[in-house]
Amino acid sequence: CHRAMLLERGDIVEIGRPREVAARYLELNFGRELERARSGLELPDRAGDGRARVAEMWVEDDAGERKNVILQGARCTFKARVRFNETVEDPSFAVSWVNEFHQNHFVVNTSVEQERTGRFAAGEELLFSVAFTNVLRPGRYDLSVLIAHRGGGADIIDRWERQVSVVVVA
């Protein structure tokens with residue numbers, strides 16, 4: 001078929017190309033599943049000295065829309081909004097995509113090259129982002145962020161784990 005329609009409780013949610021409608025269906029259903037799971041699940045406390053905290057994190061598609069279902073082969077961007085509670089110089093930033101078997105599938109870290117990231121004063125905010133073509137295999141991925149003091153990454157400022165769940169579809 002060349003057109004599809006998504007209904008929810010008798011109301012039309014979307015009409016369009018089958019691939020896009022199927023992705024919207026997965027996004028709606030997996031998003032609700034995640035909300036239900038989180039409502040009864042207590043996640044571990046955050047680690048770190050708290051000099052900065054990730055306020056929120058999300059994944060966007062190529063059009064800049066927040067998504068919890070992304071297509072394999074499509075461009076996407078991970079974003080995290082960070083607020084500094086104290087002055088921090090050259091923190092490192094990392095994000096990991098972990099599969100359902102708790103294996104890291106994609107990790108990006110600024111500390112590998114000892115990159116200078118800047119000086120951030122108390123009260124400042126920044127948007128940390130990583131854009132890439134999604135070559136991950138289909139499945140569910142939980143995303144975690146780590147902010148550490150300059151060095152090897154062991155001196156943690158903030159570690160916020162499994163706060164976003166994304167489903168990759170082929």
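Up top is the structure these notes are about.
What you see is a predicted model; the values in this text were computed from it and never measured. (Residues numbered from 1 in each chain as written. Predicted model: local features only at pLDDT ≥ 70, side-chain atom pairs only at ≥ 80, totals over all residues. Heavy atoms only, no water.)

**Remarks on the overall build of the protein chain**
The criterion, for reference: A run of H or I in DSSP counts as a helix once it spans at least four residues, and a run of E counts as a strand once it spans at least two, with each numbered from the N terminus. Summary of the burial criterion: residues with accessible area below 20% of their type's maximum are buried, those above 50% are exposed, and those between are partly exposed, where the area comes from a 1.4 Å probe applied to protein chains only. Contact criterion: two residues are considered in contact whenever any of their non-hydrogen atoms come within 4.5 Å of each other. For every accessible area listed, the method is Shrake-Rupley and the probe measures 1.4 Å; residues are considered covered only by the protein chains on display.
Per the secondary structure count, the protein chain includes one helix and 13 strands. Across the protein chain, helices and strands are ordered from the amino to the carboxyl terminus as β-β-α-β-β-β-β-β-β-β-β-β-β-β. By residue count, 39% of the 170 residues in the protein chain fall in the buried class. Contacts in the protein chain between residues far apart in sequence, at least 24 positions, make up 67% of those at least 6 positions apart. For the protein chain, the accessible surface area stands at approximately 9700 Å², while carbon and sulfur atoms represent 48% of it.

**With respect to the sheet that holds strand 9 (residues 104-109)**
Condition: Think of it this way: DSSP has to see at least two bridges between two strands before they count as a pair. Only the stretch in contact is used when a helix axis is fitted, and all axes are lines through C-alpha atoms; the angle between N-to-C directions ranges over 0 to 180 degrees.
Strands sit in the order 5-13-12-8-9 across an open sheet of five strands; the sheet is mixed. If you trace the sheet from one side to the other, it starts and ends with strand 5 (69-71) and strand 9, each paired once. The sheet shows a mean angle of 30° between the axes of neighbouring strands, direction not considered. Bridge analysis of strand 12 (residues 139-148) against strand 13 (residues 156-169) gives nine bridges, and the strand direction is antiparallel. The partner of Tyr141 across the bridge, within strand 13, is Val166.

**Remarks on the nonpolar core**
Using the following cut-off: Residues enter a nonpolar core if they are buried and are Ala, Val, Leu, Ile, Met, Phe, Trp, Tyr or Cys, with the set joined through side-chain atoms within 4.5 Å.
With 29 residues, the main nonpolar core has Val59, Phe78, Val82, Phe84, Trp97, Phe128 and Leu143 as its most contacted residues. Listing elements by their share of this core, those giving two or more residues are strand 3 (52-61), strand 6 (75-84), strand 8 (92-99), strand 11 (125-133), strand 12 and strand 13. When neighbours within four sequence positions are excluded, Val82 is seen to be in contact with Ala52, Arg53, Val54, Phe93, Glu124, Glu125, Leu126 and Ile147.

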